[in-house]
Amino acid sequence: MFNKTMQRLGEERSVIREIFEYANKRKQEIGEKNVFDFSLGNPSAPPPPCVEEEILRLAGVAAAHGYTSAPGAPEVRRAIAQYIRSEFGVPMSEDLVYMTCGAAASLVITLSAILREGDEVLVPVPFFPEYRVFVTQAAGTLVPVSTDAAFHLDLAAIEAAITKKTKIVLLNSPNNPTGAVYEEEEMRALGALLAKKNAERSEPLFLVVDEPYRELCYGDPPVYPMAVYANTVVLYSFSKSLSLAGERIGYVAVSPHCAQAESLFAAICGAARYHGYVCAPSLFQRVAAKCLGASSDIELYRTNRNLLYGALSGMGYSCIVPEGAFYLFVRALEKDAKRFCERAKEHELLLVPSDSFGVEGFVRISYCVPREVVENSIAAFKKLFEAYRRT
Ligand code: PLP
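Keep in mind the model is a prediction, meaning the values are calculated, not measured. (Residues numbered from 1 in each chain as written. Predicted model: local features only at pLDDT ≥ 70, side-chain atom pairs only at ≥ 80, totals over all residues. Heavy atoms only, no water.)

Undergrad: Help me understand the packing of aromatic side chains, please; the structure alone is not making it clear to me.
TA: Where two aromatic rings form a pair, the distance of their centres and the angle of their planes describe that pair. Under the defined criterion, the tally for this structure stands at 20 aromatic pairs. Ring centres of Phe 128 and Tyr 131 lie 5.7 Å apart, and the angle between their planes is 85 degrees; on these two criteria the pair is classed as edge-to-face. Through a chain of ring-to-ring contacts, the aromatic side chains of Phe 38, Tyr 317, Phe 381 and Phe 385 assemble into a single cluster. The ring centre of Tyr 388 lies 4.0 Å from the NZ or CZ of Arg 343, which sits over that ring. (Phe/Tyr/Trp six-rings, centres within 6.5 Å; stacked < 30°, edge-to-face > 60°. Lys NZ or Arg CZ within 6 Å of the ring centre and 35° of its normal.)

Written out as structure tokens, the structure reads:
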């Protein structure tokens, strides 16, 4: 009676959301402080002061709550293009910036704009689970590509995976779920590889970079993707940098160096129209424009990262120190990550198994939580480790 695909997606729900719902139920049963909910990437650091100032300044002003142009308010797109020009040295035009309801909407419309039936999208593993949904809805095929031991790019694997059907290489750096931040050198090498492959074909090969965690880096910030390859589209979101995940605001920026940039932008406008994503939240377009370059206090996440990584690796868990974002990717203590998560649940530790991220045998710990949650969870992680040692 209904669209079967949609019904299945609704009934299955995402594994992450499932655990998040369980966490809320469990907190009601045994009290919030007794549950260690590491499921969702919901920022715990308060938004920077510019957010509140701009909300208060504009609250009740009719124009700030009304429709904007479909791609966004002209002054907001102008401010973002100006920011990209001054911050990254790319001659960005406001005509190539589309305001969206966060990175999720940016992904949906960009993939829909570029892909045709059967086109392939290469994605290094592990990857944000919704990529599979978004690529599939755009009639594309997601092709997982292996990474190296530190979850950085394996260029040989990418080169081997590129076929005539490959339309997009989709990256996410800083990465969810591994915390890897691709280095400038590896991004430049990828850019050179894509340029070589692009020169061999009649249709452009695109690099799409999903970077909602750009400001959340514990070392050097990532190179701007448009600086390494011409046919690049950047998907940005203010969900994490400004702690505005629930307000749904971000943008798509098409590189001015991109082949047929204006036509691609027109296709992005069309995809946004088709999916009903025109006119991103009006007030938050303005807030975002006012807060460009600002960020929530990343030191809170750094403290959590250091605490958690130090404690877990000290106990004997195997994990790689995250370079950015707020996730720790840890090897499960048995092959079956789902079963490991079930056993972790017995200690009220709510972790996400890696299967839906495209690899087996790991769990993701989302440490964008109050510091006390991390501190109080350490004993539970220890008990879990010891329980495995005994069996
Ligand atoms: N892409 C990645 C890699 C993410 O981790 C997330 C959210 O966690 C999204 C996209 C969606 O972000 P948004 O809230 O901006 O839609």
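Still more to cover.
Undergrad: Explain the sheet that holds strand β9 (residues 327-331) to me, please; I cannot follow it from the model alone.
TA: Two modes of strand pairing occur in sheets, parallel and antiparallel, and in both the strands are linked by backbone hydrogen bonds. Read from one edge of the open sheet, 3 strands run β9-β12-β11, paired in antiparallel fashion. Two strands bound the open sheet, and with one partner strand each, they are β9 and β11 (352-353). For β11 and strand β12 (residues 362-366), the ladder comprises 2 bridges, and the chain directions are antiparallel. Its bridge partner lying in β12, Pro 353 is registered against Val 363. (Pairing = 2+ DSSP bridges. Helix = DSSP H or I, 4+ residues; strand = E, 2+ residues; numbered from the N terminus.)

Undergrad: Mind showing me how you'd approach the sheet that holds strand β6 (residues 206-210) here?
TA: With mixed pairing, the 7 strands of this open sheet are ordered in space as β2-β8-β7-β6-β5-β3-β4. The open sheet has two edge strands with one neighbour each: β2 (97-100) and β4 (141-145). Strand-to-strand twist across the sheet, computed as the mean angle between neighbouring axes with direction ignored, equals 20 degrees. Here strand β7 (residues 232-237) runs beside strand β8 (residues 250-254); their pairing, made up of 5 bridges, is antiparallel. Bridged to Val 234 within β8 is Ala 253. (Axes fitted to C-alpha atoms, helices over the stretch in contact; angles between N-to-C directions.)

Undergrad: For this particular structure, what's the right way to read the site of the ligand?
TA: Surrounding the ligand, one finds 14 residues, the nearest of these being Ala 103, Asp 210, Tyr 213, Ser 237 and Arg 248. The contact in question runs from an oxygen atom of the ligand to an N or O atom on the side chain of Ser 237, over 2.6 Å. Residue Ser 239 places a side-chain N or O atom 2.8 Å away from an oxygen atom belonging to the ligand. For the ligand, whose accessible area on its own is 400 Å², the fraction buried by protein is 92%. Looking at the shell around the ligand, the element that brings in the most residues is helix α6 (residues 102-114), giving 3 residues. Grouping the amino acids of the shell around the ligand by side-chain chemistry returns 6 nonpolar, 5 polar and 3 charged. (Near = heavy atom within 4 Å. Polar contact = N/O pair within 3.5 Å; in protein donor to acceptor, adjacent residues only side chain to side chain. Areas by Shrake-Rupley, 256 points an atom, 1.4 Å probe, with all protein chains shown as cover. Nonpolar A, V, L, I, M, F, W, Y, C, P; charged D, E, K, R; others polar.)

Undergrad: What is the right way to read unusual backbone geometry from this model?
TA: Glycine aside, residues mostly have negative phi angles, and peptide bonds mostly take the trans form. Between Ser 173 and Pro 174 the backbone carries a cis peptide bond, its omega angle lying at -10 degrees. Locating Pro 174 in the fold gives a position in the loop between β5 (166-172) and α9 (184-199). The linkage connecting Asn 176 with the following residue, Pro 177, adopts the cis geometry, with an omega of 25 degrees. Here Pro 177 lies in the loop between β5 and α9.

Undergrad: Looking at this structure, how should I read the pairing of β2?
TA: In summary, the side chains of a regular strand alternate between the two faces of the sheet. Side chains Val 97 and Met 99 of β2 all project onto a buried face; the interleaved residues Tyr 98 and Thr 100 project onto the opposite face, where all are buried too. Of the strand pairs in this sheet, β2 and β8 are connected by 4 bridges, and their pairing is antiparallel. Residue pairing in the sheet places Tyr 98 in a bridge with Val 252 of β8. (Buried < 20%, exposed > 50% of the residue type's maximum accessible area, 1.4 Å probe, protein only.)

Undergrad: Explain the pattern of salt bridges to me, please; I cannot follow it from the model alone.
TA: Once the charged atoms of two side chains with opposite charge are near each other, the side chains can pair. One pass over the full model with this rule turns up 20 salt bridges. One salt bridge in this structure joins Arg 214 and Glu 211, with 2.7 Å as the shortest N-O distance. Glu 386 serves as the salt-bridge partner of Lys 382, at 3.9 Å between the closest nitrogen and oxygen. A residue pair is termed a helical-turn pair when its members lie 3 or 4 positions apart in one helix, as Lys 382 and Glu 386 do in helix α14 (residues 371-390) at 4 residues. Overall, Glu 386 belongs to the partly exposed group, its relative accessible area being 29%. (Salt bridge = Lys/Arg side-chain N within 4 Å of Asp/Glu carboxyl O.)

Undergrad: I would appreciate a short explanation of helix α13 (residues 337-345) in the present structure.
TA: Helical geometry note: an α-helix holds 3.6 residues per turn, so side chains three or four residues apart project in the same direction. Along α13, the positions that sit buried rather than exposed are Ala 337, Phe 340, Cys 341 and Ala 344. Viewed end-on, α13 has its buried residues packed into an arc of 100 degrees, placing them on one side of the element. For α13, the secondary structure elements touched by its buried residues are β10 (349-350), β11, β12 and α14. Two to three positions downstream of the cap, the backbone nitrogen of Lys 338 sits 3.0 Å from a side-chain oxygen, assigning the N-cap of α13 to Asp 336. (Arc of directions from axis to C-beta. Contact = heavy atoms within 4.5 Å.)

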